[in-house]
Amino acid sequence: MRSSQFFLPTLRENPAEAEIVSHRLMLRAGMVRQASAGIYSWLPLGFKVLKNVERIVREEQDRAGCQEVLMPTIQSADLWRESGRYDAYGKEMLRIKDRREREMLYGPTNEEQITQIFRDSIRSYREVPKMLYHIQWKFRDEVRPRFGVMRGREFLMKDAYSFDMDYEGARRAYNKFFVAYLRTFARMGMRAIPMEADTGPIGGNLSHEFIVLADTGESQVYCDREFLDFDVLGKDINYADPAAVEKVVNHFTSLYARTDEKNDQAAFEQQVPEARRYVGRGIEVGHIFYFGTKYSEPLKAQVQDKDGNPVTIHMGSYGIGVSRMPAAIIEASHDDNGIIWPETVAPFRVGLINIKVDDKAGTAMAEDIYAKLNNAGVEVLYDDRDERAGAKFAEMDLIGLPWQLVVGPRGAAKGQVEMKNRKTGEKVELSVDAVLQRLGA
């Protein structure tokens, strides 16, 4: 994509309404624009990041054996009355009526809807277990939406649900999602720490939230540094082997990890050697729950066992805030100049800067690099605008693409390109062929 054609409305000044780093940088980098309180439009740069996050989430759900569905955003109030949550949920739920005065709601979550689908479709133990997920926009009328997309009212969510005959089966499903979440966040360039958590309005008695470490995080974190060093996530996990999955889960759950709400300082100091103690801040990016028959019992989701007896299904739910992830990544990965995207989620892998567009040799070299990168399937943003070099450099640092290629008259005369690593700041001068080889083009 050429910058001269790309819709990228960046801002030079920090917006007054932005309280945290990610909100400020997402507005300045032209990723989002506020439509109303807690509701945002995603512009091309931000939308590309959002789709990359969504792709990774989807791939890891599929890898774990979860099947994708798509449920409606508008749900029936009657269904929520069956579960007993319609009146109990609170003002966060947006309640509406259709033209026939039927009570409806804009779904804040989907436990009732997916339970109804299962109840109406599955009859026999032979069809269990099942794991289903979808990625869909939701709405919760937060009393004080703030921090941009980090705590908005409308948000994109991946929520998954497991259905099993008993607790043992449900726990195996829970473990699969536990590991899938570790893999998902690691692929986005982050270390997510699983911590025991309250179940809140979702219900149940087993829950973990996943916290990404970030200096500007909302929660204080106390944990064992082994969370930061243990490298099991890059390996292929055989999800068909419950013992292999359980081994990973047991490793992480055996380590001390608490937020400030749950931390016991005496236990922390007793259980974790001083050299391994980590105290920092973090952001919640995922939450998993086992809630047994909380929804299947009132909604009568049952199957017949081998003897023809009705068995109430055991369930779990598993959420990732997809639209929250770009902000969380920025909070964990930025510097004074702007965003630093991990390659897996970056909107473009390469930023190509032509310093002087009226220099024939430099422009010819830049055009050649641009064409070859495109032909090799390397996503590149080519700054071909007639702008000051300083403005181009500042904007490229702001939007945080992993690699910057700088073509100028002096380099072109020598047949060389400056290649900069955005994360480390390292710069090297290389031939065009060497640059293309490094980028796999």
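Before any of the text, the structure's been laid out above.
Residues numbered from 1 in each chain as written. Predicted model: local features only at pLDDT ≥ 70, side-chain atom pairs only at ≥ 80, totals over all residues. Heavy atoms only, no water.

## As for the pattern of salt bridges
To keep things clear, this is the line we draw: Salt bridge criterion: a side-chain nitrogen from Lys or Arg within 4 Å of a carboxyl oxygen from Asp or Glu. Numbered from the N terminus, helices here are DSSP runs of H or I no shorter than four residues, and strands are runs of E no shorter than two. Exposed residues in this analysis have more than 50% of their type's maximum accessible area, buried residues have under 20%, and partly exposed residues fall in between, with area computed by a 1.4 Å probe over protein chains only.
Within the structure shown, the criterion is met by 35 salt bridges. Of the charged contacts in the structure, one is a salt bridge between aspartate 368 and lysine 372, with a shortest N-O distance of 3.3 Å. Placement of the pair is aspartate 368 and lysine 372 together in helix α10 (residues 360-375), with a separation of four residues, close to one helical turn. Residue classification places aspartate 368 among the partly exposed positions, given a relative accessible area of 31%.

## Focus: the sheet that holds strand β5 (residues 94-97)
The cut-off we apply is this: A strand pair is defined by DSSP finding two or more bridges across the two strands. Under this scheme, a helix contributes an axis fitted over its contacting stretch, all axes are lines through C-alpha atoms, and angles between N-to-C directions fall in the 0 to 180 degree range.
In spatial order, the strands read β4-β6-β5; together these three strands make up an open sheet with antiparallel pairing. The open sheet has two edge strands, β4 (74-76) and β5, and neither has a second partner. Taking the axes of each pair of neighbouring strands and ignoring which way they run, one obtains an average angle of 40 degrees across the sheet. Pairing of β4 with strand β6 (residues 103-106) involves three bridges; the strand directions are antiparallel. If you follow isoleucine 74 over to β6, its bridge partner there is tyrosine 106.

## Observations regarding unusual backbone geometry
For the peptide bond that leads from valine 128 to proline 129, omega is 10 degrees, which places it in the cis range. Its place among the elements puts proline 129 in the loop between α4 (111-121) and β7 (130-139). The backbone of phenylalanine 147 sits at a positive phi, close to 65 degrees, despite the residue not being glycine. With respect to the helices and strands, phenylalanine 147 occurs in the loop between β7 and β8 (154-164). Judged by relative accessible area, phenylalanine 147 falls into the buried class, the value being 16%. If you check the backbone angles, lysine 300 has positive phi at about 60 degrees while not being a glycine. Here lysine 300 shows up in the loop between β13 (277-292) and β14 (302-304).

## Observations concerning the sheet that holds strand β22 (residues 416-421)
Just so we agree on the cut-off: Contacts are assigned to residue pairs with any non-hydrogen atoms lying within 4.5 Å of each other.
The strand order across the open sheet formed by five strands is β20-β19-β21-β22-β23, and the pairing between neighbours is mixed. The sheet is open, and its two borders are formed by β20 (380-383) and β23 (427-431), each paired with just one other strand. Pairs of neighbouring strands in the sheet enclose a mean axial angle of 25 degrees, with direction left out of account. Pairing analysis gives four bridges linking strand β19 (residues 350-354) to β20, with the strands arranged parallel. Paired with glycine 351 across the strands is leucine 381, a residue of β20. Where helix α11 (residues 389-399) meets the sheet, its contacts fall on β19, β20, β21 (403-407) and β22, and the angle it forms with β19 comes to roughly 175 degrees.

## A few points about the nonpolar core
Let me state the cut-off plainly: Side-chain atoms within 4.5 Å are what join buried Ala, Val, Leu, Ile, Met, Phe, Trp, Tyr and Cys residues into a set we call a nonpolar core.
Among the nonpolar cores identified, the biggest contains 86 residues, and Met31, Val53, Met188, Phe210, Met325 and Trp341 are the most heavily contacted of them. Sort the elements by how many residues they give to this core and helix α5 (residues 167-187) lands first, with ten residues. Once you skip the residues sitting within four places of it in the chain, methionine 325 turns out to touch Val53, Phe185, Met188, Met190, Val285 and Ile320. Of all hydrophobic cores here, the second largest spans 21 residues; its members include Leu352, Val407, Val417 and Leu436.

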